[in-house]
Amino acid sequence: MRSANQEKESPLAARLRPATLEEVVGQQHIIGRDKLLYRAIKADKLSSILFYGPPGTGKTTLAKVIANTTSAEFVQINATSAGKKDMEEVVAKAKEIRGMYGRKTILFIDEIHRFNKGQQDYLLPFVEDGTVILIGATTENPYFEVNGALLSRSVIFELHPLSKEDIRTLILRAVTDKEKGMGAYNAVIDDDAADLLADVSGGDARHALNAVELGVMTTQRSEDGRIHITKEVAQECIQKRVARYDKTGDNHYDTISAFIKSMRGSDPDAAVYYLSRMLYAGESVAFIARRIMICASEDVGNADPNALTVAVSASLAVERVGMPEAQIILSQAAAYVACAPKSNAGSQAVFEAMETVRQTGDLPIPPHLQDAHYKGAAKLGRGTGYKYAHDYPNHYVEQQYLPYELSGREFYKPTANGYEAKIREHMKRIKEEAAHQRNPQGEEKK
């Protein structure tokens, strides 16, 4: 009786969880009839698996479906509250069941990324010898957060945010289902209200269902005796669109990656959009400003030297101004960098030069470039023969600057984009004019 009452009093999202694979909405890329997970669940032949995806996409739901269909013992713990003692009890019981009845034990660990390395290491030998079949659920990238040894012994299934159509299906089911949903309340939901909830929930079924439950429970009945969930009611209940963004998770890295690639790809609209997503989620303005500065140098470079000036000024300004005005400054800088002509010649130059240094080590610096001012330098030939560039036309003179072993190597290759085209033309001109200044003996004229 107590468990029945608890289930009845559970949140709508928990009550509406499907009991079979056929009731599951969405995630057909992993539970379609021809997919590995579907076949493994139906055949009750599961190996250790990890469910990875954003909140509200069905990780726990799939674990519950497995619990309802497997012949194995099913145990669930949450990594936020479970300790080593809890796992020791599970392992001891699993060994007992396996020895007495020959049955396997499935251990479902919700939020497995919360376990530290030691806790994850404890599980490893029991997963290895089959004492338990592990099902882990995590919102974090498992390649960052889960023990590599556990990863190698598990199949990873990534769950995607539910589509608007999937969320809408669940909303209608929630309103009309009299056994698990809110059907007994004689409620109806307008099409535009359902569309709003499906759109604003951001692929999170739990968020949408919580809004439905709140709407039904707090809305007065109309004269016709029904509870009407209108667009206005839905808007009040869902409040703010879900921002699925964690400053330490992979969604953080995906978003900043899209932001940088949009600036690099000269798409100011996309750059400002991803900037807004980060700001909406509370990302550090200093972090965003740093990424804009890096892009201004790495991807714009000397095609528009002013881009770095704009980015640095924006970085200083947002520190002094703060939010919300900082968003205007960041938007200006991001749009400028996105629209600027692009060149990565400068960044490629240092990468190539670094690799050359790695391969060749400290090659001797040409003697005429060495410091001639310290004691004994002149006697050692340091600085002898150096040509002072300002004494020559165009303030340029040909002489060996690179180590002799690297003579003729080019690291910086200016492109034809933006201001860099002028740099390229300037370098070509002064070199050609210097060559013309040579006399027949190959000596430069001052």
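A quick note: this is a predicted structure, and the numbers were derived from the prediction, not measured.

Reading the values: rules and limits
Residues numbered from 1 in each chain as written. Predicted model: local features only at pLDDT ≥ 70, side-chain atom pairs only at ≥ 80, totals over all residues. Heavy atoms only, no water. Helix = DSSP H or I, 4+ residues; strand = E, 2+ residues; numbered from the N terminus. Rg over C-alpha atoms; globule rule 2.2 N^0.38 Å. Buried < 20%, exposed > 50% of the residue type's maximum accessible area, 1.4 Å probe, protein only. Contact = heavy atoms within 4.5 Å. Lys, Arg positive; Asp, Glu negative; His and termini not counted. Charge placed at Lys NZ, Arg CZ, Asp CG, Glu CD. Pairing = 2+ DSSP bridges. Axes fitted to C-alpha atoms, helices over the stretch in contact; angles between N-to-C directions. Expected span 1.5 Å × (residues − 1). Polar contact = N/O pair within 3.5 Å; in protein donor to acceptor, adjacent residues only side chain to side chain. Right-handed = clockwise from strand over helix to strand, strands pointing away. Parallel < 35°, antiparallel > 145°, perpendicular 65-115°, else oblique. Left-handed = near helix turned anticlockwise from the far one by under 90°. Nonpolar A, V, L, I, M, F, W, Y, C, P; charged D, E, K, R; others polar. pLDDT = per-residue confidence, 0-100. Salt bridge = Lys/Arg side-chain N within 4 Å of Asp/Glu carboxyl O.

## Considering the overall build of the protein chain
Phase 1: Across its full length, the protein chain holds 20 helices and 7 strands.
Phase 2: For 446 residues, the compact-globule formula gives about 22 Å, and the C-alpha radius of gyration of the protein chain, at 33 Å, lies well above that figure.
Phase 3: On the principal axes, the C-alpha backbone points of the protein chain span a range of 105 × 65 × 40 Å.
Phase 4: In the protein chain, buried positions account for 41% of the 446 residues.
Phase 5: By sequence separation, contacts in the protein chain at least 24 residues apart represent 73% of the contacts at least 6 residues apart.
Phase 6: Put simply, the protein chain has 56 plus and 59 minus side-chain charges, and the middle of one group is 4 Å from the middle of the other.

## Comments concerning the sheet that holds strand β2 (residues 73-78)
Phase 1: Taken in spatial order, the 5 strands of this open sheet run β2-β3-β4-β1-β5, and their pairing is parallel. Each edge of the open sheet carries a strand with a single partner, namely β2 and β5 (155-158). Between one strand axis and the next, the sheet turns by 15° as a mean value, whatever way the strands run.
Phase 2: As paired strands, strand β3 (residues 105-110) and strand β4 (residues 132-138) are joined by 6 bridges and run parallel to one another. In the sheet register, L107 faces β4, and the bridge partner there is L134.
Phase 3: Taken strand by strand, helix α5 (residues 59-69) contacts β1 (49-52), β2, β3 and β4, and its axis lies near 145° from that of β1.

## Observations concerning helix α7 (residues 117-128)
The periodicity of an α-helix, 3.6 residues per turn, causes residues three or four positions apart to be oriented the same way.
Phase 1: In this model, α7 (12 residues) spans 17 Å end to end at C-alpha, consistent with the 16 Å of a helix rising 1.5 Å per residue.
Phase 2: Considered for burial, the residues of α7 that qualify are Q119, Q120, Y122, L123, L124, F126 and V127.
Phase 3: Tucked into the core, α7 has its buried residues touching α6 (84-101), β3, β4, α8 (142-145) and α9 (148-152).
Phase 4: The opening residue of α7 is N116, an N-cap whose side-chain oxygen sits 3.0 Å from the backbone nitrogen of G118.

## Focus: the side chain of S154
Phase 1: Mapped onto the fold, S154 is located in the loop between α9 and β5.
Phase 2: Given a relative accessible area of 13%, S154 falls into the buried group.
Phase 3: Within the structure, S154 has its side chain in polar contact with the backbone oxygen of L150 (distance 2.8 Å).
Phase 4: Setting aside residues up to four positions removed in sequence, S154 forms contacts with S48, I49 and L50.

## So, the environment of L21
Phase 1: Tracing the backbone shows L21 in the loop between α2 (12-15) and α3 (28-31).
Phase 2: Taking the C-alpha atoms as reference, L21 lies 8.8 Å from K42; in sequence the two are 21 residues apart.
Phase 3: Setting aside its immediate chain neighbours within four residues, L21 contacts I31, Y38, I41, K42, L62 and V65.

## Describing unusual backbone geometry
Phase 1: In this structure, D44 takes a positive phi of about 55° despite not being glycine.
Phase 2: Turning to its location among the elements, D44 is positioned in the loop between α4 (36-43) and β1.
Phase 3: Given a relative accessible area of 28%, D44 falls into the partly exposed group.
Phase 4: The backbone of N186 sits at a positive phi, close to 55°, despite the residue not being glycine.
Phase 5: Turning to its location among the elements, N186 is positioned in the loop between α10 (164-176) and β6 (187-189).

## A word on the pairing of β2
Phase 1: In terms of strand pairing, β2 meets β3 through 6 bridges, oriented parallel. Within β3, the position partnered with E73 by the bridge is T105.
Phase 2: As a crossover connection, the stretch from β2 through α6 into β3 is right-handed.

## Comments concerning the packing of helix α16 (residues 285-300) against helix α18 (residues 326-339)
Phase 1: Interaxial distance between α16 and α18 falls to 10 Å at its minimum, and their mutual angle equals 15°. By the criterion of interaxial angle, the relationship of α16 to α18 is roughly parallel. The interaxial crossing formed by α16 with α18 has left-handed handedness. Of α18, the residues touching α16 (which contributes V285, I288, A289, I292, C295, A296 and V300) are A326, L330, A333, A334 and V337.
Phase 2: In terms of residue class, the contact of α16 with α18 is made up of 12 nonpolar, no polar and no charged.

## Concerning the packing of α10 against helix α11 (residues 191-200)
Phase 1: Packing of α10 against α11 leaves a shortest axis separation of 8 Å and a crossing angle of 125°. As the angle between them shows, α10 and α11 are arranged oblique. The way α10 lies across α11 gives a crossing that is right-handed. Here K164, I167, R168 and I171 of α10 come into contact with α11, specifically with D191, A194, D195, L197, A198 and D199.
Phase 2: Considered class by class, the residues forming the contact of α10 with α11 number 5 nonpolar, no polar and 5 charged.

## Considering the confidence of the model for the protein chain
Phase 1: Confidence along the protein chain averages 84 in pLDDT terms, with 90% of residues attaining 70 or more.
Phase 2: The lowest-confidence element of the protein chain is helix α1 (residues 2-9), averaging 49 in pLDDT; the highest-confidence one is α18, averaging 94.
Phase 3: Contacts from residues 1-6, a stretch scored under 50 in pLDDT, to residues over four places away or in other chains number 0 contacts.

## Quick look at the pattern of salt bridges
Phase 1: The tally for this structure, following the rule as stated, stands at 15 salt bridges.
Phase 2: Measuring nitrogen to oxygen at the nearest pair gives 3.1 Å for the salt bridge that ties R103 to E73. Highlighted residues: R103 in the loop between α6 and β3 and E73 in strand β2, separated in sequence by 30 residues.
Phase 3: Classification of E73 by relative accessible area gives partly exposed; the value is 25%.
Phase 4: With a shortest N-O distance of 2.9 Å, D199 and K164 are connected by a salt bridge. Of the two residues, D199 is situated in helix α11 and K164 in helix α10; the sequence distance between them amounts to 35 residues.
Phase 5: Since its relative accessible area comes to 47%, K164 is described here as partly exposed.
Phase 6: One network of salt bridges, in which partners are shared, links R168, D191 and D195.

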